[in-house]
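Structural overview
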Amino acid sequence: MALEMRINFTNILCKGTLKNYYLQGQIEGFVFQVRLSYYRGHFLSAIDKFGLKIDDEAIPQKDILFCLNDKEFTVEELKNQSNEFWNILDPATIKVRKLGGLKPGNHKVTLELMLRCPYLPLPGSIREHHYAPINSCDEQFMELC
Amino acid sequence: MSNIKLGITLYSFTKEYVREELSLEDCIRKCAELGVDGYEIVATQMISSYPYISDDFLTKIKGYEYKYGVKPISYGANTDRGKLHDRDLNDSELINDTIRDIRNAHNLGCKVVRAQYLLSPENLLRIAPYAEEYGVKVGIEIHNPETPSTPIMQRYFEVIEKSGSKYIGFVPDFGCFATRPNIESYEGALKDGADKNVLDYAVSLKRKNVPLQEAEKLLREISADPVVMNSFYSMYGYLTFYNEPDLEGLKKILPYCFHFHGKFHCITEDGKELSIPYKDILTTIYNSDYSGYIVSEYEGHNNQERGLVDYDSVEAVRLHLKMERNILEELEKNNLAGR
C-alpha cells in the first residue's frame, strides 16, 4: 500500500527566486527558495530524501547547501538537525555551487523532497520507526532573475 | 451540570494562513468576528518561535488578546515521536518534549494541552505532576480511527482513572463519531471520477466490518480504480466511520475530558454536519458535568476549490458555530421546560 501524503497550499519552488550569486565579483553559483508543502512546520531531521536536478542533470550533493534560520547545512547534515525547525511560512534557500552560475532564461528545476511524518506511524506497519511519507517534491520551469 | 463554551482552533484557517492571506492576527480577529472568546493554536503551525515561546511572540499574543478580547485557551501539541532520523524518541525524550509543551502552554495562559496517542499511557502518567505544577491539563486526542473504546484508548483510560489525577485526560475529536463517509471520501471521489457502484461497494464493505486486508483483496479482484482505492484507504483509516457512534464509550470517559475538537467537513443546507451526528454527541456532552470548550475544527480546506461546497473556511466555521448554537439552545430550552 503506497500511502503517501501530499498536502499542498502554496508553490513549493518559489517563483521569481532563481538567481546567480556572487563572491568578490565572480558568480560562484545560484540560489532559489523552497516552501515546505504541508500544513505545519517540521524539524529538518524529518527530511528523508533531498535531491536536485537542473535541466535534467543531477546536481552532486556536495555542491548543495540547505539554508534556513541563518544557517547552512549540507544534505548529509540535514538528518541530524533535530533542533532546527522549518516554519511552514518560511522559505528555505537552496544554494548550489556552480562556477559561472546558470545562463539567462528558463531552467527546469526538479526537486526531490520527501519527509517523514513524525506523529503518524504508517497504518499496518510492524517495523519500528516507520512513518507516513510526506511528498514535498516539485518540478517547475524557473526563469533566472 | 455542563458548562460548554464554543471556541475555534485556528487550524480551521490553515489554507488561508499558509497562503499568507490571513496572518495570525487576522485569524484571531476572525474569532472575534465569529463571536468566540477562545482559540486553540497548533504549536507547530502558528507559533513562529516554535518549539519555544519567545518574549516577542508572547507580547504579540497578549496584544491580540487585549485588542480583540480573544485568548488562547488550548495549545495543540504534536507528539513527534518519529522526528529523529535513525530511531524513535525514547521515553525520556518524549517526556521532556511534553514538559516543554506544558511550559509553553502555561506561558501563553492556556489551560489545556492537546497531546497525541504516541506519548504512551505510561508517559502520560509521568508528566501528570508537571501538568499539575503548571496548572495545565494534558489530554490525549481521540482521533479517527480510534474511538473512546478502542484498545489504545482503553489503556489510557485505565491509567488515567487509576492515577486519580485531575490533570491528565482526553480530548475527543468529534470525527471519531462519524457515521458515514465524509464529503471528500465520497462526493469528492465521485467528482474525481470514481465508479459509483464500486465506491458504494467499498462503503458497504466498511459497514459490514470486513477486515482491511480482505476488503482490499475484494476490491482489487474487481479492478477498483485508483480513486476508489484512495477513498477506501481513507474510509478505513483517518477518515473512517462506524455504523453506530461510540457514545457509550464517550459517556464513560466524559469525567476525564477537558476539551473537544468539533471536527467537521461539510455543513449541509439544512444546517447539519454531513457525516457526523452533532445533535447526538452534543446531547451526550450537555447531559454530563463537562466544563470546557468545544473548538470548531474545519478539515475541508480544499472543498471550495474542488467545488464540493460553495463557502470558504471562515464561512464554514460560521455555519458550524450556528449549528452548534442552535442545538445547544434547543437542549437548554428543553432542559428548562422539563423542570
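All values reported here derive from a predicted model rather than from experimental measurement.

Some points on the layout of surface pockets
Residue and element names in this part refer to chain B. When its volume is computed, the second largest pocket comes out at roughly 470 Å³. Broken down by secondary-structure element, the contributors of at least two residues to the lining of the second largest pocket are α13 (278-286) and α14 (313-338). No other element matches α14, which puts five residues into the lining of the second largest pocket. Looking at the lining of the second largest pocket residue by residue, the class counts come to eleven nonpolar, three polar and seven charged.

Points about the sheet that holds strand β9 (residues 92-97) of chain A
Residue and element names in this part refer to chain A. The sheet built from five strands is open, its strands ordered β1-β2-β9-β6-β7 with antiparallel pairing. Two strands in the sheet have a free side with no partner beyond their single neighbour: β1 (19-23) and β7 (71-74). The mean inter-strand angle of the sheet, taken between neighbouring strand axes irrespective of direction, is 35 degrees. The pairing of β1 with strand β2 (residues 26-34) spans five bridges and is antiparallel. Its bridge partner lying in β2, Y22 is registered against I27.

Comments concerning the pattern of salt bridges
All names here are of chain B. Going through the model one piece at a time under the given rule, you end up with 34 salt bridges over all chains. The salt bridge partner of D270 is K272, with a shortest N-O separation of 3.9 Å. With relative accessibility at 55%, the residue D270 sits in the exposed group. Assessed through its relative accessible area of 51%, K272 is described here as exposed. Residues joined by salt bridges that share partners form a network here, namely D26, R29, K30 and E33.

Considerations on the sheet that holds strand β8 (residues 291-298) of chain B
Residues and elements named next belong to chain B. An order of β6-β5-β4-β3-β2-β1-β8-β7 is seen for the eight strands of this open sheet, with the pairing classed as parallel. The outermost strands of the open sheet, each flanked by one partner alone, are β6 (168-172) and β7 (259-264). Taking the axes of each pair of neighbouring strands and ignoring which way they run, one obtains an average angle of 35 degrees across the sheet. The sheet contacts of helix α6 (residues 121-134) involve β5 (137-142) and β6, and relative to β6 the element is tilted by about 105 degrees.

Some words on helix α4 (residues 55-68) of chain B
Residues and elements named next belong to chain B. The end-to-end C-alpha distance of α4, which contains 14 residues, comes to 20 Å, matching closely the 20 Å that a straight helix rising 1.5 Å per residue would cover. Taken as a whole, α4 has its buried residues at F57, I61 and Y64. Projection of α4 onto a plane perpendicular to its axis shows the buried side chains occupying an angular sector of 60 degrees, all on one side. With respect to the buried face of α4, the exposed residues turned more than 90 degrees away are D55, D56, T59, Y66 and K67. Those residues of α4 hidden inside the fold are in contact with α2 (24-33), β2 (38-42), α3 (43-46), β3 (71-76) and α5 (91-108).

Focus on the interface of chain A and chain B
Residue-level contacts link 27 residues of chain A with 32 residues of chain B. Together chain A and chain B conceal approximately 2700 Å² of surface at their shared face, both sides included; 59% is due to carbon and sulfur atoms. Scanning the region where chain A abuts chain B turns up two salt bridges. When the shortest N-O distance is used, the salt bridge between D80(B) and R40(A) registers 2.7 Å. Here chain A is connected to chain B by 22 residue pairs in polar contact (both at pLDDT 80 or more). Counting residues per element, the side of chain A that touches chain B draws most heavily on strand β10 (residues 106-121) of chain A, which supplies five residues.

Side note on empty space enclosed by the protein
All names here are of chain B. What the rule picks out here adds up to one cavity of 30 Å³ or more. The space that makes up the largest cavity amounts to roughly 110 Å³. Only α5 and β4 (112-115) provide two or more residues apiece to the lining of the largest cavity. For the lining of the largest cavity, a count of residues per class yields seven nonpolar, three polar and five charged.

As for the domain arrangement of chain B
Residue and element names in this part refer to chain B. Entries for chain B in the domain assignment read domain 1 (3-180 + 243-337) and domain 2 (183-235). Look at where the C-alpha atoms of domain 1 and domain 2 centre, and you get two points 30 Å apart. Between domain 1 and domain 2, the contact holds 13 residues from the first and nine residues from the second. Buried surface at the junction of domain 1 and domain 2, summed over both partners, amounts to about 930 Å²; 42% is from carbon and sulfur atoms. On the domain 1 side of the interface with domain 2, the three residues burying the most area are N243, R306 and L308, jointly 54% of the side's total. On inspection of domain 1 and its partner domain 2, the count reaches two salt bridges. In this structure, R180 engages E187 in a salt bridge whose closest nitrogen and oxygen atoms are separated by 2.9 Å. Across the domain 1-domain 2 interface, the total number found is seven residue pairs in polar contact (both at pLDDT 80 or more). Of the residues contributing to the side of domain 1 that touches domain 2, the split by class is four nonpolar, six polar and three charged.

A few points about the nonpolar core
Counting 152 residues, the largest nonpolar core has F32(A), F50(A), F66(A), W86(A), L24(B), Y75(B) and F170(B) as the members making the most contacts within it. Top element by residues in this core is α14(B). It accounts for eight residues. Summarising the domain contributions, this core has at least three residues from each of domain 1 (3-180 + 243-337) and domain 2 (183-235) of chain B. With residues up to four places along the chain from it excluded, the contact list for F50(A) reads Q61(A), I64(A), F66(A), V75(A), L78(A), I94(A), L111(A), E112(A) and L113(A).

With respect to the packing of aromatic side chains
Aromatic rings considered in pairs are described by the distance between their centres and by the relative angle of their planes. Taken as a whole and assessed by the stated rule, the structure comprises 14 aromatic pairs over all chains. Aromatic pair Y38(A) and Y39(A): ring centres 4.9 Å apart, planes at 35 degrees, arrangement tilted. In this structure Y38(A) comes out as buried when scored by relative accessible area, which is 1%. Assessed through its relative accessible area of 11%, Y39(A) is described here as buried. With 4.9 Å between their ring centres and 55 degrees between their planes, F232(B) and Y236(B) make a pair best called tilted. A connected cluster of aromatic rings, assembled from ring pairs, spans F174(B), F260(B), Y278(B) and Y290(B).

Parameters and conventions
- By convention here, each chain's residues receive numbers from 1 onward along its written sequence.
- Ligands are numbered from 1 and chains lettered from A, in the order in which they are written.
- The model is predicted, so local features are restricted to residues of pLDDT at least 70 and side-chain atom pairs to those at 80 or more, both for listing and for counting; the totals for chains, interfaces and linings are taken over all residues.
- Water and hydrogen atoms were dropped before computing side-chain values, which therefore reflect all heavy atoms in the structure.
- We place a 1 Å grid over just the protein atoms. Points where a 1.4 Å probe fits but has no way out form a cavity, open points with protein on both sides within 12 Å along at least 5 of 7 lines form a pocket, and any residue with an atom within 4 Å of a point lines it.
- Grid points are joined across faces, edges and corners, and a volume is the space filled by probe spheres set on the points.
- Labels follow the DSSP assignment, with helices taken as runs of H or I lasting at least four residues and strands as runs of E lasting at least two, numbered in each case from the N terminus.
- Each residue gets one label: Ala, Val, Leu, Ile, Met, Phe, Trp, Tyr, Cys and Pro are nonpolar, Asp, Glu, Lys and Arg are charged, and the others, such as Gly, are polar.
- If DSSP finds at least two bridges between two strands, the strands pair.
- Under this scheme, a helix contributes an axis fitted over its contacting stretch, all axes are lines through C-alpha atoms, and angles between N-to-C directions fall in the 0 to 180 degree range.
- Salt bridge, as used here, is a side-chain nitrogen of Lys or Arg placed within 4 Å of a carboxyl oxygen of Asp or Glu.
- Partly exposed describes any residue whose relative accessible area lies between the buried limit of under 20% and the exposed limit of over 50%, with all areas from a 1.4 Å probe on protein chains only and scaled to the type maximum.
- Contact between two residues is taken to exist if any of their heavy atoms lie within 4.5 Å; hydrogens are not considered.
- By definition here, a helix of n residues has an expected span of 1.5 Å times n minus one.
- In this context, the arc is that of the directions from the helix axis out to the C-beta atoms.
- Buried area is a sum: the accessible area each of two parts loses on coming together, probed at 1.4 Å, counted once for each and added.
- Two N or O atoms form a polar contact when they lie within 3.5 Å of each other; inside protein one atom must be a possible hydrogen donor and the other a possible acceptor, and for residues adjacent in sequence the pair counts only when both atoms belong to side chains.
- For the purposes of this description, domain bounds are those given by an automatic or database domain assignment.
- We call a set of buried residues a nonpolar core when its members are Ala, Val, Leu, Ile, Met, Phe, Trp, Tyr or Cys and they connect through side-chain atoms within 4.5 Å of each other.
- Geometry of aromatic contacts follows a simple scheme: Phe, Tyr and Trp rings, the Trp one being its six-membered ring, pair when their centres are within 6.5 Å, and the pair is stacked under 30 degrees between planes, edge-to-face over 60, tilted otherwise.

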